[in-house]
Amino acid sequence: MARVYNFSAGPAVLPEEVLASCAAEMLDYNGSGMSVMEMSHRSKVYDDIIKEAEADLRRLMDIPDNYKVLFLQGGASQQFAMIPMNLMKNKKAAYVITGEWSKKAYQEARIYGEAVAVASSADENFSYIPDCSDLDIPADADYLYICENNTIYGTKHKQLPNTKGHILISDVSSCFLSEPVDVTKYGIIYGGVQKNIGPAGVTIVIIREDLIPDECLPGTPTMLKYKTHEAAGSMYNTPPAYGIYVCGKVFKWLLKNGGLKAMKEHNEKKAAILYDYLDESKLFKGTVRKEDRSLMNVCFNTGSKELDDKFVKESKAAGLDNLKGYRTVGGMRASIYNAMPLAGVEKLVEFMRKFEENNS
Ligand SMILES: *Cc1c(COP(=O)(O)O)cnc(C)c1O
């Protein structure tokens, strides 16, 4: 077995222990005589799996009873449409633009109403988080939308915006379960699980109960109404059954390893090793304003396209895979999600030191 250190932004590294457990249960889940992939989502066995997954997630995030947990499909991108279709009653909403994903969400919302960009960091290629302490949010805006961790640019809202009484909606795809959060501060927290939780195909939406409308914008398909999924316990149609099962295992892995507080410490430790080195290196530079640096996605470059390409090629050969940055940023990006072991980050920094020695 030759597993690499996988720095992919998503789908991304999963805990080895979880993968091994899935493998062990592949042919016969818990005496059922079949794989979870093969069983009816209406069976008692599967019902236990999804209920336990939800209960474990609630424990992990300390989700209050007046919030619903929905396991959906369509990726985080489908939420870009579902959110306005379900919540844009006044046909107006405020968006903070901090990268590709919030831009896409903003553009999608414009199909359904007036989306107002109340802040943006486009002027410096999204290398920072704009000041959100005093945003000019229209009084009749239905919500304020942010992308909390910007996977592509490696920035993170360290402080939630001053919403001035508006509902806060946050895309946490790439920082889901990376640290404790206060769920009560949000109307909706959602994300695709393929960054920091599980396999692609599951989107988790945590939504305050009273925000689930009976009436959506005219023409909203049944499948795109939160109500449909809430009323059916995420079982209106076939849910992404196997993916939810893997997510459930990751929740248990997190609980066993001390929960989100411990995960935050682990993530801070990993990120510090990498950022400290970037700050002292003469060859590599971080691309993000220091106070806005993400714990999950670390972007850096050498300033030379040739050297960047060489680094990506040589690091891959050394068992450090998927370090190429996104095309709009260039350079390198190390995604160091929950499941990336400390040893992986240490090995990366050791490799960077050697590369710097050999190339300066
Ligand atoms: C990857 C990503 C998305 C898009 O997710 P899909 O599940 O592919 O639609 C949206 N937002 C953020 C922050 C992401 O990292």
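Reference entry: report on the structure contained in this document.

## Re the pairing of strand S3 (residues 92-97)
Turning to step 1, where the next piece is worked out: In terms of burial, S3 is largely enclosed, as six of its six residues are buried.
Turning to step 2, where the next piece is worked out: Here S3 shows two buried faces, one formed by Lys 92, Ala 94 and Val 96 and the other by Ala 93, Tyr 95 and Ile 97.
Turning to step 3, where the next piece is worked out: Bridge analysis of S3 against strand S4 (residues 114-120) gives six bridges, and the strand direction is parallel. Paired with Ile 97 across the strands is Ser 120, a residue of S4.
Turning to step 4, where the next piece is worked out: The sheet contact formed by S3 and strand S5 (residues 144-147) spans two bridges and is parallel. In the sheet register, Tyr 95 faces S5, and the bridge partner there is Tyr 145.

## Looking at the pattern of salt bridges
Turning to step 1, where the next piece is worked out: Scanning the model with the defined rule gives 29 salt bridges in all.
Turning to step 2, where the next piece is worked out: In this structure, the salt-bridge partner of Glu 16 is Arg 3, at a minimum N-O distance of 3.1 Å. Of this pair, Glu 16 sits in helix H1 (residues 16-24) while Arg 3 sits in the segment before strand S1 (5-6); the two residues are 13 residues apart in sequence, bridging distant segments of the chain.
Turning to step 3, where the next piece is worked out: Of the charged contacts, one joins Lys 316 and Asp 321 as a salt bridge, the two residues approaching to 3.1 Å between their closest N and O atoms.
Turning to step 4, where the next piece is worked out: Its relative accessible area of 16% is what places Asp 321 among the buried residues.

## Quick notes on the site of the ligand
Turning to step 1, where the next piece is worked out: In the vicinity of the ligand, the contacting residues are Gly 75, Ala 76, Ser 77, Phe 80, Trp 101, Cys 147, Asn 149, Thr 151, Asp 171, Ser 173, Gln 194 and Lys 195.
Turning to step 2, where the next piece is worked out: Measuring from an oxygen atom of the ligand, one finds a side-chain N or O atom of Gln 194 at 2.9 Å.
Turning to step 3, where the next piece is worked out: Here the ligand, which alone exposes 390 Å², has 87% of that area covered by the protein.
Turning to step 4, where the next piece is worked out: Ranked by the residues each element gives to the shell around the ligand, the list is headed by helix H3 (residues 75-87), at four residues.

## Examining the side chain of His 166
Turning to step 1, where the next piece is worked out: The residue His 166 is located in the loop between strand S7 (155-156) and strand S8 (168-171) in this model.
Turning to step 2, where the next piece is worked out: Look at His 166 and you get buried, because its relative accessible area is 14%.
Turning to step 3, where the next piece is worked out: Not counting residues up to four positions away in its chain, the partners in contact with His 166 are Ile 137, Pro 138, Ala 139, Ala 141 and Leu 144.

What counts as what
- Residues numbered from 1 in each chain as written.
- Predicted model: local features only at pLDDT ≥ 70, side-chain atom pairs only at ≥ 80, totals over all residues.
- Heavy atoms only, no water.
- Buried < 20%, exposed > 50% of the residue type's maximum accessible area, 1.4 Å probe, protein only.
- Helix = DSSP H or I, 4+ residues; strand = E, 2+ residues; numbered from the N terminus.
- Pairing = 2+ DSSP bridges.
- Salt bridge = Lys/Arg side-chain N within 4 Å of Asp/Glu carboxyl O.
- Near = heavy atom within 4 Å.
- Polar contact = N/O pair within 3.5 Å; in protein donor to acceptor, adjacent residues only side chain to side chain.
- Areas by Shrake-Rupley, 256 points an atom, 1.4 Å probe, with all protein chains shown as cover.
- Contact = heavy atoms within 4.5 Å.

Function-wise, these values are silent; they only describe arrangement.
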